[in-house]
Amino acid sequence: MFRKKDQHIELIRQHDLMDCGPASLSMVTSYFGNKFSLHNLREFCQIGKDGVSMLGIIHAAKKIGFKTQSVKLDLRQLVNNFNSPCILYWNKNHFLVLEAISFTGENRTFKIADPAHGKVTLDEEQFKQSWLKGEEKGIALFLDPTDKFYSLKDQNDFKERINHILRLFLPYKKKIFLLMFFVLIGSLLSIALPFLTEALIDKGVSKKDLNFITLILLAQLFVFLGIMGINILRNWYTLVIGANFSIDVIYSYLDKILKLPISFFDTKNSGDFNQRIQDNVKVEEFFTSDSILTVFSILTLIIYSIILFYYDIYLFVIYLGLTSLSVVWSFFWLRRRKTLDYQLFRAKSENQEAVYEFYNGIKEMKLNQYEDYKKNEWIDLQNNLLKINIKSLKIDQFQSIGFTFFNQLKNILVTFLAANYVVKDTMTLGALLSVSFIIGQMNSPIHQLLNFIKSQQDAFLSFNRLSEVYTQKNEEKESDKKLNPEIVPVDIKIQNVNFKYNILSHKYILQDINLMIPKGKVTAIVGHSGSGKTTLMKLLLNFFPPLSGKILYGLDEISEISAKSIRENSGIVMQDGYIFNDTIERNIAMNDTNVDKIKMNNVLKAVNLFDFVNSLALKEFTKIGSGGNDLSGGQKQRILIARAIYKNPKYIFLDEATSALDATNEKEVHNNLQKLFRNKTVVIIAHRLSTVQKADQIIVLSEGKMVEQGTHTELIDKKNFYYTLVKNQLNI
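Quick caveat: nothing in here was measured; it's all calculated off a predicted structure.

Novice: Just checking my understanding: could you explain the overall build of the chain for this structure?
Specialist: From N to C terminus, the chain includes 24 helices and 16 strands. Relative to the 2.2 N^0.38 estimate, which gives 27 Å for 732 residues, the radius of gyration of the chain is 34 Å and therefore markedly larger than a compact globule would have. Relative to its full complement of 732 residues, the chain shows a buried share of 48%. Considering only residue pairs separated by 6 or more positions, the chain has 74% of its internal contacts joining residues 24 or more positions apart. Surface exposure of the chain reaches about 37900 Å², of which carbon and sulfur atoms provide 57%. Positive and negative charge centroids in the chain, built from 88 and 74 side chains respectively, lie 1 Å apart.

Novice: How do you make sense of helix α15 (residues 533-540) when you look at a structure like this?
Specialist: Helical geometry: 3.6 residues make up each α-helical turn, so side chains three or four residues apart lie on a common side. Burial analysis of α15 places 6 of its 8 residues in the buried class, which makes it a mostly covered element. Those residues of α15 lying buried are Lys 533, Thr 535, Leu 536, Met 537, Leu 539 and Leu 540. Positive phi appears at Asn 542, one or two residues downstream of α15, with a value of about 65°.

Novice: What is the right way to read the sheet that holds strand β14 (residues 681-685) from this model?
Specialist: Backbone hydrogen bonds hold the strands of a sheet together, and the pairing may be parallel or antiparallel. Ordered by their spatial adjacency, 6 strands build an open sheet running β12-β13-β14-β9-β15-β16, and the pairing between neighbours is mixed. One side of each edge strand has no neighbouring strand; the edge strands of this open sheet are β12 (570-573) and β16 (705-710). Pairwise comparison of adjacent strand axes, ignoring direction, gives a mean angle of 15° for this sheet. Examined bridge by bridge, strand β9 (residues 522-527) and β14 share 4 bridges and lie parallel to one another. Bridged to Ala 524 within β14 is Ile 684. Here helix α20 (residues 633-646) sits on the sheet and contacts β12 and β13 (651-655); the angle it forms with β12, its principal contact strand, is near 170°.

Novice: Looking at this structure, I do not really get the nonpolar core. What am I missing?
Specialist: Across soluble globular proteins, nonpolar side chains have a tendency to be buried as a group. In terms of nonpolar packing, the biggest core is built from 45 residues, with Ile 588, Met 600, Phe 677, Ile 698 and Tyr 722 touching the most fellow members. Element by element, the count of residues in this core is highest for α20, at 7 residues. Beyond its immediate sequence surroundings of up to four residues, Ile 698 is in contact with Ala 524, Val 526, Val 692, Glu 708, Gln 709, Gly 710, Thr 711, His 712, Leu 715 and Tyr 722.

Novice: Help me understand the packing of helix α8 (residues 173-205) against helix α9 (residues 210-259), please; the structure alone is not making it clear to me.
Specialist: A pair of packed helices is characterised by two quantities: the angle between their axes and the separation of those axes. One way to put it is that α8 packs onto α9 with a least axis distance of 9 Å and a crossing angle of 160°. By the criterion of interaxial angle, the relationship of α8 to α9 is roughly antiparallel. In terms of crossing hand, the pair formed by α8 and α9 is left-handed. For the contact of α8 with α9, a count of residues per class yields 26 nonpolar, 7 polar and 3 charged.

Novice: Quick question: what am I supposed to make of the packing of helix α18 (residues 597-606) against α20 here?
Specialist: Contact pair α18 / α20: the axes reach a minimum separation of 9 Å and the direction vectors enclose 135°. In terms of orientation, α18 and α20 fall into the oblique class. Helix-helix and strand crossings are classified by hand; for α18 and α20 the assignment is right-handed. Where α18 abuts α20, its residues Lys 599, Met 600, Val 603 and Ala 606 lie against Ala 642, Ile 645 and Tyr 646. Looking at side-chain class alone, the contact of α18 with α20 contains 6 nonpolar, no polar and 1 charged residues.

Novice: Whenever I open this one, unusual backbone geometry confuses me. Can you help?
Specialist: Phi is mostly negative for residues that are not glycine, and the peptide bonds are mostly trans. For Asn 496, which is not a glycine, the phi torsion comes out positive at approximately 50°. Its place among the elements puts Asn 496 in strand β7 (residues 492-499).

Novice: So what exactly am I meant to see when it comes to the pairing of β7 here?
Specialist: A regular strand places its side chains so that they alternate between the two faces of the sheet. Here 5 bridges tie β7 to strand β8 (residues 510-517), and the two strands are oriented antiparallel to one another. For Phe 499, the partnering residue across the bridge sits in β8 and is Leu 510.

Novice: Help me understand the environment of Asp 19, please; the structure alone is not making it clear to me.
Specialist: Among the secondary structure elements, Asp 19 is positioned in the segment before α1 (20-31). The class of Asp 19 is buried, set by a relative accessible area of 1%. Residues Asp 19 and Cys 45, spaced 26 residues apart in sequence, show a C-alpha to C-alpha distance of 9.7 Å. When near neighbours in sequence (up to four residues on either side) are disregarded, Asp 19 contacts Gln 14, Leu 38, Arg 42 and Ile 47.

Novice: Honestly, the confidence of the model for the chain in this entry has me stumped. Any pointers?
Specialist: Note: predicted coordinates in regions of low pLDDT should not be interpreted at a detailed level. Residue-level pLDDT values for the chain average 84, and 93% of them are 70 or greater. Contacts from residues 1-6, a stretch scored under 50 in pLDDT, to residues over four places away or in other chains number 10 contacts.

Novice: In this structure, what is going on with the packing of aromatic side chains? I would like to understand it.
Specialist: Across all of its chains, the model carries 25 aromatic pairs by this definition. Ring geometry for Phe 66 versus Phe 149: centroids 4.6 Å apart, planes at 40°, classification tilted. Of this pair, Phe 66 sits in strand β1 (residues 66-73) while Phe 149 sits in helix α6 (residues 147-151), and the two are 83 residues apart along the sequence. In this structure, Phe 66 and Phe 149 share a single accessibility class: buried. Arranged with centres 5.5 Å apart and planes meeting at 65°, the rings of Phe 405 and Phe 406 form a pair that is edge-to-face. Through successive ring pairs, a cluster of aromatic residues spans Tyr 31, Phe 32, Phe 36, Phe 66, Phe 149 and Tyr 150. When the ring centre of Tyr 646 is taken as origin, the NZ or CZ atom of Lys 599, which lies over that ring, is 4.9 Å away. The ring of Phe 610 is capped by Lys 605, whose NZ or CZ atom sits 5.0 Å from the centre of that ring.

Reading the values: rules and limits
- Residues numbered from 1 in each chain as written.
- Predicted model: local features only at pLDDT ≥ 70, side-chain atom pairs only at ≥ 80, totals over all residues.
- Heavy atoms only, no water.
- Helix = DSSP H or I, 4+ residues; strand = E, 2+ residues; numbered from the N terminus.
- Rg over C-alpha atoms; globule rule 2.2 N^0.38 Å.
- Buried < 20%, exposed > 50% of the residue type's maximum accessible area, 1.4 Å probe, protein only.
- Contact = heavy atoms within 4.5 Å.
- Areas by Shrake-Rupley, 256 points an atom, 1.4 Å probe, with all protein chains shown as cover.
- Lys, Arg positive; Asp, Glu negative; His and termini not counted.
- Charge placed at Lys NZ, Arg CZ, Asp CG, Glu CD.
- Pairing = 2+ DSSP bridges.
- Axes fitted to C-alpha atoms, helices over the stretch in contact; angles between N-to-C directions.
- Core = buried A, V, L, I, M, F, W, Y, C linked by side-chain atoms within 4.5 Å.
- Parallel < 35°, antiparallel > 145°, perpendicular 65-115°, else oblique.
- Left-handed = near helix turned anticlockwise from the far one by under 90°.
- Nonpolar A, V, L, I, M, F, W, Y, C, P; charged D, E, K, R; others polar.
- pLDDT = per-residue confidence, 0-100.
- Phe/Tyr/Trp six-rings, centres within 6.5 Å; stacked < 30°, edge-to-face > 60°.
- Lys NZ or Arg CZ within 6 Å of the ring centre and 35° of its normal.

This is how it looks when you write it as structure tokens:
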């Protein structure tokens, strides 16, 4: 398969703020005739918390069969070496595709395909300003496909993703069939109306037959009543199906989100997820109310078109021609609108993220006089959103004006031709009124069809964004083993483990870790900030797989064990533990619907919160704000510890769990926890000596490597890494 010589590049939009690199690469793959989906390329590009790098794009390109050449060159060199689309590093924070360079005399123009903003043609100065950013040279990535590229096939089953949505309709298939039946009956009833109108004028009014007029009007009344009854039933069934389907769609989305591995969320922000909830609404509306109304509109159009053709072929041709012209006009503007939809999604996502950050960071903003900066930043976002909305409004107005003009011209011409027939006695007055009635009835379905096309466009754009979620592999596999509650805890062995969050990074977060965490013992992990302590704990909890080496629970590798099973048997406190907007009891008991009051009181005493909780008017039923805003830092941590020990787990993992506690509370909590640690496998990350000195073994990490291991006394005697870490606390 080879590209055509003059083939234009297909614009592929980025779905999220960090997708510009994968989207640019996807455009190049499409140009060379073997398109790879954004979803798969995103994985190959190794997008991290800071987005994608040129190194990541090169890695992905090589993986799918491209020869790559990343170069730093000036504008003259770029022009001389350009012969097919290449990826440019733009504004030092973005990637896009250079599609074409055109020459008009001595002037050069550059056509770019920007996954964030669409296709744009820039003059030389504009191009240099964004690509070079004041420097002499810019960065470009040239790609040349190999035989491997053409032999690979993208694994992107669009049909399966559509089937996933359609399967949600199965519980409502009887109601849907009934709904379609009502739509059909309503359409068939409407056939009678133009003929009744014609008969009323030609056989009733013209002949002054009052009895016939009465009969026709009664017939019209019964037809209208029938149509009204059908519409009521249709609207009722549409509401029932739509409301239930909406719940199913959003539930399906949330259910899928909760089944994904934690690593999936590392490159996402809350704004992206909020927007995808809105995407679910668009998909639901498209598959329910919009689709049903469109079926009704299509039936109406077909029926009335046949009747119009029956009256006169020329009337039908004029109507069809001008209607087609109005539809083409609308399609032209819909294509322009497609670009704005992506811009609007991105702007709304940024706006929601800004509002979320504004609310959550308000204390820090006030403490550090950051208010004005954040307000101005928010105003800039609103201005950008306003500009996009204004552009969208302009497009809608141009579309509406043209569509209305062609429609009115069509109505006037059809009416004029029909009136001309009446004057020449080739058509009756009743037929003229019938034709006018038909034209009036056909305008609304055409509007509905155009709205459907709009909603279809919105729905499929939304669907593409959602498909990234639905096509992700679940964290749990059917073949995963479960920890046997009768034999846990077991020894945890770490063998030659290496890990880094981005495989393209030169620096390992953990390197050559060999360690045994004995069952029923307390293991403390210490080290300077950034030494890999929290990362090691995340690997033990199966947040991420190790890059190499093994982690074993007993004889089973962690990759073969259900992550859910590990967490079900573990009490966990992470540094960034979350307090929910619910009661104290629910924040501790979590999923336990039948709360054990004795156990609840015991854990409250263990974390030194019993007196505080009982001093509250509603005691443990007191509702605390989202994120624990009504609590002190120490109280939050103690609730998190209480949550971890409430379920009496076999394993306990504590990451700086008492760092916010005062010395008195920490001592009491620590002493209480020592009793609870008996016969449990405990892993503690801490900096304070008081937390770790009683541990059965202490592991010292430095720059991702395990540098020391032993008890507190043994390590103090060595006077090495551990001694250096704690000597200030020992006053020596």
